[in-house]
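# Results of the structural survey
As a plain string of letters, each chain reads:
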Amino acid sequence: MHVADAARKAVRKVTSLFVEDRVFAIELALCLAFYAIVSRFPAGRYAFASTAFFLTIAAILVSSVARASRSR
Amino acid sequence: MTNVALSAGIPSFFASLVEFVEALTIVLAVGATRGWRTAASGAAAGVGLLAVAVIALGPALRAVPIDTLQLVVGVLLLFFGLRWLRKAILRYGGAIALHDEAAIFERQSAAFASGAAANGYDWGAFATTFNAVVLEGLEVVFIVIAVGAAAGALVPAGIGAALAGAIVCTAGFALRAPLARVPENALKFAVGIMLSAFGTFWTAEALGMPLPGEDASLLLLIAGFLVASLCGIAAVKGGRRSSDARR
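Note that the structure is a prediction, hence the values are computed from the model and not measured. (Residues numbered from 1 in each chain as written. Chains lettered and ligands numbered in written order. Predicted model: local features only at pLDDT ≥ 70, side-chain atom pairs only at ≥ 80, totals over all residues.)

## Some thoughts on the overall build of chain A
Defined as follows: Strands here are runs of E lasting at least two residues and helices are runs of H or I lasting at least four, both read from the DSSP assignment and numbered beginning at the N terminus. Residue burial here comes from a neighbour count, namely the number of other C-beta atoms, placed from the backbone, that lie within 10 Å of the residue's own C-beta, with 20 or more meaning buried, 12 or fewer meaning exposed, and in between meaning partly exposed.
Broken down by element type, chain A carries three helices and zero strands. The N-to-C order of helical and strand elements in chain A reads α-α-α. The buried share of chain A, taken over its 72 residues, is 26%.

Structure follows, in structure tokens:
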């Protein structure tokens, strides 16, 4: 039981290193999945695809902090 | 020192500085209230465990193909860096309180003083410093391995972290006080931007999406994340002002 608890705590700690806000993490994961698909097409080989990738991440970041500040 | 070594060593140094300062506060609080020998032995055991993790994981990563490594590390760095950046933005915007090492030291010292062991070895104090060093150090290990492995510069990244550790330990044990004047949020903000830029760069590269300007695009990404973060701070401050006005 103690080992299971310690393992659960360790998993929670490692998860919390990367994920703090679940909505933010889901949005980011969807963004990565979308661009992983885009990059398989010829259009994904142009520089505008990576620029759009960065802009999407930046938009997710800004919307996430705005949402977090509204909820506090 | 080459650009690759610097680009791995600098984020590793500053990120480690932040984490070591946080761990030091707890070690000092335990040392001041429950004895320096127990505090130091717990911390040393934690450092030993982390060193074993680095020695075991570092060479193992060389067996992973570089494309796969860059994708995995890039995605993890994005999640990790953006988490740091998000927190720093919320702190600058006033949505959450700034990290106050002096207040944490006072609080922890009061808590540890009330739970002192009556006799025998103080395993509670040992476990507290061991946990603090391992948990804070885990982030350092991740940053060193992620930044170092994907850029093929594990040694400079490790040197950056070791240098930060040496500076924090020397200053902390010389002063016997938490390093409250280290600008923790500014460092977290800067490192968050760097790690997010590296994460975006490696993920895009691994997915096969070319970045304009190739390696120089890293600087553009850093500038882009800085602008986005400043917009985020403005959004948080604006949101707080309008909610205050409604009250």
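Next comes the rest of the write-up.
## What to know about the overall build of chain B
Selection rule: Here the radius of gyration uses the C-alpha set of atoms, whereas the globule reference equals 2.2 Å times the residue count to the power 0.38. It is the C-beta atoms, placed from the backbone, that decide contacts: two residues are in contact if theirs lie within 7 Å.
Check the secondary structure of chain B and you find eight helices and zero strands. Listing the helices and strands of chain B from first to last along the sequence gives α-α-α-α-α-α-α-α. Against the 2.2 N^0.38 benchmark of 18 Å for 247 residues, chain B shows a C-alpha radius of gyration of 20 Å, consistent with a compact globule. For chain B, the spread of C-alpha atoms along the three principal axes comes to 65 × 60 × 25 Å. In chain B, buried positions account for 51% of the 247 residues. In chain B, 89% of the contacts between residues at least 6 apart in sequence involve partners at least 24 apart.

## Topic: the confidence of the model for chain B
Residue and element names in this part refer to chain B. The line we're drawing: Values of pLDDT, which run from 0 to 100, indicate the predictor's confidence residue by residue.
For chain B, the average pLDDT comes to 84, and 96% of its residues sit at 70 or higher. Helix α7 (residues 184-207) holds the highest mean pLDDT among the elements of chain B, 90, whereas helix α4 (residues 101-114) holds the lowest, 78. Across the assembled chains, the prediction reports ipTM 0.82 with pTM 0.81.

## As for the interface of chain B and chain A
Our working definition: Under this grouping Gly is polar, as are all residues other than the nonpolar Ala, Val, Leu, Ile, Met, Phe, Trp, Tyr, Cys and Pro and the charged Asp, Glu, Lys and Arg.
Opposite the 35 residues of chain B that make contact, chain A presents 30 residues. Top contributing element to the side of chain B that touches chain A by residue count: helix α3 (residues 66-93) of chain B, with 12 residues. Tallied by class, the residues present in the side of chain B that touches chain A amount to 24 nonpolar, seven polar and four charged.

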